[in-house]
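Report on the structure
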Amino acid sequence: MELNKSTKILISISALMSALAGIIHLWIAPIHWFHSPGHGVFFLTVGVAQVLWANLVWRQPASRLYYIGALMSGWLIALYVITRWLPSPFGHGPEAVDMIGLTCKLFEGLAMATLAILIFQELAIKALRELPQADLS
């Protein structure tokens, strides 16, 4: 199916935002490795997953990828908020709120918002197709 221009733009934005968040996670992985190797592995895994997902959705957009990306971004935002109040596993206490973390969450929030638009757009199109067609004769 051929995608219209606005859909292509939304896909590109969501892919870019996820890739940028993934790059931040990859960048901070070594920093976290020193105080907790488990955290370093977590950030490395998340960063790779986000960059791979961004590449996949940009090259071959699909509804399933929209849902996966929105859940991934939402889960990471929720985890960030929780770990500002409570200590993370293998951690030494709640983490501080910092600019790099907020920037990463902004990117993930923008990715999630654009993916929500894509998901609802597809649901609306599907619902319209299933409406009974009026007989105009």
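Conventions adopted
- Residues numbered from 1 in each chain as written.
- Predicted model: local features only at pLDDT ≥ 70, side-chain atom pairs only at ≥ 80, totals over all residues.
- Heavy atoms only, no water.
- Helix = DSSP H or I, 4+ residues; strand = E, 2+ residues; numbered from the N terminus.
- Buried < 20%, exposed > 50% of the residue type's maximum accessible area, 1.4 Å probe, protein only.
- Contact = heavy atoms within 4.5 Å.
- Areas by Shrake-Rupley, 256 points an atom, 1.4 Å probe, with all protein chains shown as cover.
- Lys, Arg positive; Asp, Glu negative; His and termini not counted.
- Charge placed at Lys NZ, Arg CZ, Asp CG, Glu CD.
- Core = buried A, V, L, I, M, F, W, Y, C linked by side-chain atoms within 4.5 Å.
- Axes fitted to C-alpha atoms, helices over the stretch in contact; angles between N-to-C directions.
- Left-handed = near helix turned anticlockwise from the far one by under 90°.
- Nonpolar A, V, L, I, M, F, W, Y, C, P; charged D, E, K, R; others polar.
- Expected span 1.5 Å × (residues − 1).
- Patch = residues over 30% accessible without salt bridge, like charges linked within 9 Å, V, L, I, M, F, W, Y side chains within 5 Å.
- Salt bridge = Lys/Arg side-chain N within 4 Å of Asp/Glu carboxyl O.
- pLDDT = per-residue confidence, 0-100.

Turning our eyes to something else, we now look at the overall build of the protein. Looking only at helices and strands, the protein has four helices and zero strands in total. Starting at the N terminus and ending at the C terminus, the protein contains elements arranged as α-α-α-α. Each of the three principal axes of the protein carries a C-alpha extent, and together these read 75 × 30 × 20 Å. Here the protein holds 137 residues, and the buried ones make up 35% of them. The long-range share in the protein, meaning contacts at least 24 apart out of those at least 6 apart in sequence, stands at 68%. As displayed, the protein offers around 8,900 Å² of accessible surface, 74% of which is attributable to carbon and sulfur atoms. In the protein, 8 positive and 7 negative side-chain charges are present, and the distance between their average locations comes to 5 Å.

Most often, soluble globular proteins keep nonpolar side chains buried together rather than apart. If you look at the biggest cluster of nonpolar residues, it comprises 16 residues, and the most contacted ones within it are Trp53, Ala54, Val57, Tyr66, Leu115 and Leu118. At the level of secondary structure, the elements contributing two or more residues to this core comprise α1 (5-35), α2 (37-59), α3 (63-85) and α4 (99-130). Among the elements that line this core, the one with the most residues is α3, at five residues. Discounting chain neighbours no more than four positions away, the residues touching Trp53 are Ser14, Ala15, Ser18, Leu65, Ile68, Gly69, Met72 and Leu115. Listed in part, the six residues of the second largest apolar core include Met17, Ala21, Phe107 and Ala111.

To continue, consider the packing of α3 against α4. Running from amino to carboxyl end, α3 crosses α4 at an angle of 145°, the nearest separation of the two axes being 8 Å. Crossing angle aside, the handedness with which α3 passes α4 is left-handed. The residues of α4 that touch α3, namely those facing Ser63, Tyr66, Tyr67, Gly69, Ala70, Ser73, Gly74, Leu76, Ile77 and Tyr80, are Gly101, Leu102, Lys105, Glu108, Gly109, Ala111, Met112, Leu115, Leu118, Ile119, Glu122 and Leu123. Of the residues belonging to the contact of α3 with α4, the class tally is 13 nonpolar, six polar and three charged.

We now examine α2. Given 3.6 residues per turn, any residue in an α-helix points the same way as the ones three and four places further on. In this model, α2 (23 residues) spans 33 Å end to end at C-alpha, consistent with the 33 Å of a helix rising 1.5 Å per residue. Taken together, the buried residues of α2 touch α1, α3 and α4.

On the surface, Ile23, Leu26, Leu44, Val48, Val51 and Leu52 cluster together to form a nonpolar patch covering roughly 470 Å² of accessible area. At the level of secondary structure, the elements contributing two or more residues to the nonpolar patch comprise α1 and α2. Overall, Val48 belongs to the partly exposed group, its relative accessible area being 38%.

Going through the model one piece at a time under the given rule, you end up with one salt bridge. Among the ionic pairs, Glu108 bridges to Lys105, the shortest N-O distance being 2.6 Å. Taken together, the positions of Glu108 and Lys105, both in helix α4 and three residues apart, correspond to about one turn of that helix. Here the two residues Glu108 and Lys105 agree in accessibility, since each one is buried.

Mean pLDDT over the protein: 91, with 95% of residues reaching 70 or higher. Confidence, read as mean pLDDT per element, is least for α4 in the protein (94) and greatest for α2 (96).

Here we come to the side chain of Glu95. Examined against the element boundaries, Glu95 turns out to sit in the loop between α3 and α4. Despite being buried, Glu95 has no salt bridge partner; Arg84 is the closest side chain of opposite charge, sitting 4.4 Å away. Apart from the residues within four sequence positions on either side, Glu95 is in contact with His32, His35, His39, Thr83, Arg84 and Ser88.

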